[in-house]
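# Tertiary structure, described
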Amino acid sequence: MATDSMGVVWRMPPQPIPMPMMLPGLMGAFPGVTPFLPDPGRDPAMLPEAVFREVVEMADGDTLRLEAGFVRRTIGMRTFTMYGFNGQYPGPLIRVPQGAEIVVLFTNNIDLPTAVHWHGVRLENQFDGVPGVTQDPVEPGESFMYRVHFRDAGLYWYHPHHREDIQQDLGLYGNMLVDAPAPDYYGPANGEDFLMLDDLLVDEAGLFPWGREAAIQTLMGRFGNQLLVSGEPRWETTVRRGEVRRLYLTNVANTRTFNLVLEGADLKLVGADVSKFERETFVSNVVLAPAQRYIVDARFEEPGRYALLNPIQAIDHFNGRFYPHTDTLGLVTVLDEPVEEDHGAAFSTLREHADVIEDIDRYRAEFGRPVDHELELTARVGDLPSDIVAVMALDTLYFPPVEWTDAMPMMNYLSTSENLTWVMRDTRTGKENRDIDWRFTEGDVLKIRIHNQRRSFHPMQHPIHIHGQRFLVLSRDGVPSDNLAWKDTTVIPVGSTFDILLEASNSGRWMAHCHIAEHLEAGMSMVFTVDPG
Ligand code: C2O
Ligand code: CU
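### A few points about unusual backbone geometry
A cis amide bond links Tyr 89 to the next residue, Pro 90, at an omega of -20°. Counting through the fold element by element, Pro 90 comes out in the loop between strand 6 (88-89) and strand 7 (93-97). The backbone of Asn 86 sits at a positive phi, close to 55°, despite the residue not being glycine. With respect to the secondary-structure elements, Asn 86 resides in the loop between strand 5 (78-85) and strand 6. For Asn 86, a relative accessible area of 27% puts it in the partly exposed group.

This is the structure:
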């Protein structure tokens, strides 16, 4: 339907960067699903304005009440009806010591069924928050109790696992930081910031509608045209000269991969999803795909104003041209006053993390084992408008390893989870997506090879996430990784083959999927079982 019962209508998608991608036959076409906006009949002025997130420090045994509800958000000069956890944007930042277990009493007060997933946390299976796999969806007005046990130190996040293409996009996400007992676990810093990177798609009329019965924009995922850092168009902070800031980075966007550069700062890469790296390294930029986290220390030596940038290579698929595009995400003012406690010496020392190396040592003998399972990532087209399919066929001469932006907004707009299927295929059994039924036992170590098919229909990178376990990325296209960290999400560029070593450490029925919200909606998920050891 072009219009829903509340009068929400489809409109042409905004063009993020000028490109001649409009096909004559597609003018006026709209996706074959009803447009969805949150509570369109409500005047946002009647809603409470969301407040910036609070830090909730919790100890073992504590209980948190968490409510998903409607909020008023003001972004730039504009007001929208959106969702929030506990009336906040992002949701509360939960900070716990490693080993703690907390209870979360969750209530759903939005207009869609939902559930909360504790991304990356190796908790008990029944609390993983995946409707259809570990629980029934929590209907509007209903509640669910989660027990969240934090086994590993690191940076995590929580988000809905039910139509997350809508719900997470509308603001339902929050960070969790699990502190290790060692006070010098990460080395000294003068301060810390939690940056949740996101984007939102808006036009003159407001939030661009989502699909009600099925997700739209399933081809490339939903790229926003308003970039957000922790819910704000811009991150601004002031530091003193020589200050070391620890940045906890989380990508919570539906599909956008960020490439972060912080002008004027030296960046030290310290940690990833579930652990520190074996060795700290200096980096010039940090690439984060959806759901990935990195912990980075930044040191500012010279006074001045420096931007946090997202420089990318955009592609004009029609003409096969690349062109650079840069968005500014933040601004750091470095005062001409030296920081009181100067950690410069510690900062310039690259540490080796013996704890991580020893933990991984237990698995090195398995690095050379034969491949246990192989997955191929590809797409299948249903009844996409034939004009699109024809143009897409022309398009296969050039496909970047990573799509940084929505180069084909019109085609993307018309693709839904009904006319396009994204596929994870077990190449040995031929089984696909939810028909795959891998079975492991706690204690098993498995090598899984994942190949992202270049010759698929409009190939794209896929951030693959495995629930309830942790893994190592052993190699990319045959090149062994020389600095490992435990991960729960890794992004496979177009045409690449990754070998990962999965530690089956947590029993239950778990999901593995692409973390582009629209690809997940379009089928790109599987379930595997780990039996108790
Ligand atoms: Cu971040 Cu299956 O989830
Ligand atoms: Cu994907």
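So, next bit.
### Things to note about the sheet that holds strand 25 (residues 304-316)
Taken together, five strands build an open sheet; the order of strands is 18-26-25-20-23 and the sheet is mixed. Pairing within the sheet leaves two strands with one partner each, and these edge strands are strand 18 (235-241) and strand 23 (286-288). The average undirected angle you get between the axes of adjacent strands in this sheet is 30°. Here strand 25 runs beside strand 26 (residues 321-338); their pairing, made up of 13 bridges, is antiparallel. Of the residues in strand 26, the one forming a bridge with Asp 316 is Arg 321.

### Section: the packing of aromatic side chains
Inspection of the entire model under this criterion finds 18 aromatic pairs. On the numbers, 4.8 Å between centres and 70° between planes, the contact of Tyr 185 with Tyr 186 is edge-to-face. Residue classification places Tyr 185 among the buried residues on the basis of a relative accessible area of 15%. Ring plane angle 5° and centroid distance 6.4 Å describe the contact between Phe 277 and Tyr 294, whose orientation is recorded as stacked. Here Phe 277, found in strand 22 (residues 276-283), pairs with Tyr 294, found in strand 24 (residues 293-300); they are 17 residues apart in sequence, far enough to count as distant. Taking the relative accessible area as the measure of exposure, Phe 277 reaches 10% and is therefore buried. Judged by its relative accessible area of 13%, Tyr 294 falls in the buried class. Feature note: the residues Phe 85, Phe 106, Trp 118, Phe 144, Tyr 146 and Tyr 158 constitute an aromatic cluster, connected by ring pairs. Positioned above the aromatic ring of Tyr 89 is the side chain of Arg 73, whose terminal nitrogen or guanidinium carbon lies 3.7 Å from the ring centre. Its guanidinium or amino end placed over the ring of Trp 210, Arg 222 lies 4.1 Å from that ring's centre, counting from NZ or CZ.

### A closer look at the coordination of the copper ion (ligand 2)
Donor atoms from the polypeptide that coordinate the copper ion (ligand 2) comprise His 462 (ND1), Cys 514 (SG) and His 519 (ND1), at 2.0 to 2.1 Å from the metal. In terms of primary sequence, the donors binding the copper ion (ligand 2) are separated according to H-x51-C-x4-H. Taken together, the residues span a long stretch of sequence, with His 462 in strand 31 (residues 462-466) and Cys 514 in strand 36 (residues 508-514) at a distance of 52 residues. Assigned by exposure class, His 462 and Cys 514 land together as buried.

### Brief notes about the pattern of salt bridges
According to the stated counting rule, one finds 43 salt bridges in the structure shown. We note a salt bridge from Arg 95 to Glu 192, for which the minimum N-O separation is 2.5 Å. Residue Arg 95 is located in strand 7, and its partner Glu 192 is located in strand 13 (residues 191-200); the two are separated by 97 residues in the primary sequence. Across the pair Asp 499 and Arg 449 runs a salt bridge whose closest N-O atoms are separated by 2.8 Å. Here the residue Asp 499 occupies a position in strand 35 (residues 497-503), and Arg 449 occupies one in strand 30 (residues 445-452), the gap between them amounting to 50 residues. You can call Asp 499 buried: its relative accessible area is 8%. Judged by its relative accessible area of 31%, Arg 449 falls in the partly exposed class. Within this structure, Arg 122, Asp 152, Asp 359, Arg 362, Arg 470 and Glu 503 form a network of salt bridges that share partners.

Calculation criteria
- Residues numbered from 1 in each chain as written.
- Chains lettered and ligands numbered in written order.
- Predicted model: local features only at pLDDT ≥ 70, side-chain atom pairs only at ≥ 80, totals over all residues.
- Heavy atoms only, no water.
- Helix = DSSP H or I, 4+ residues; strand = E, 2+ residues; numbered from the N terminus.
- Buried < 20%, exposed > 50% of the residue type's maximum accessible area, 1.4 Å probe, protein only.
- Pairing = 2+ DSSP bridges.
- Axes fitted to C-alpha atoms, helices over the stretch in contact; angles between N-to-C directions.
- Phe/Tyr/Trp six-rings, centres within 6.5 Å; stacked < 30°, edge-to-face > 60°.
- Lys NZ or Arg CZ within 6 Å of the ring centre and 35° of its normal.
- Donors = N, O, S within 2.8 Å, 3.2 Å for Na, K, Ca; no water.
- Salt bridge = Lys/Arg side-chain N within 4 Å of Asp/Glu carboxyl O.

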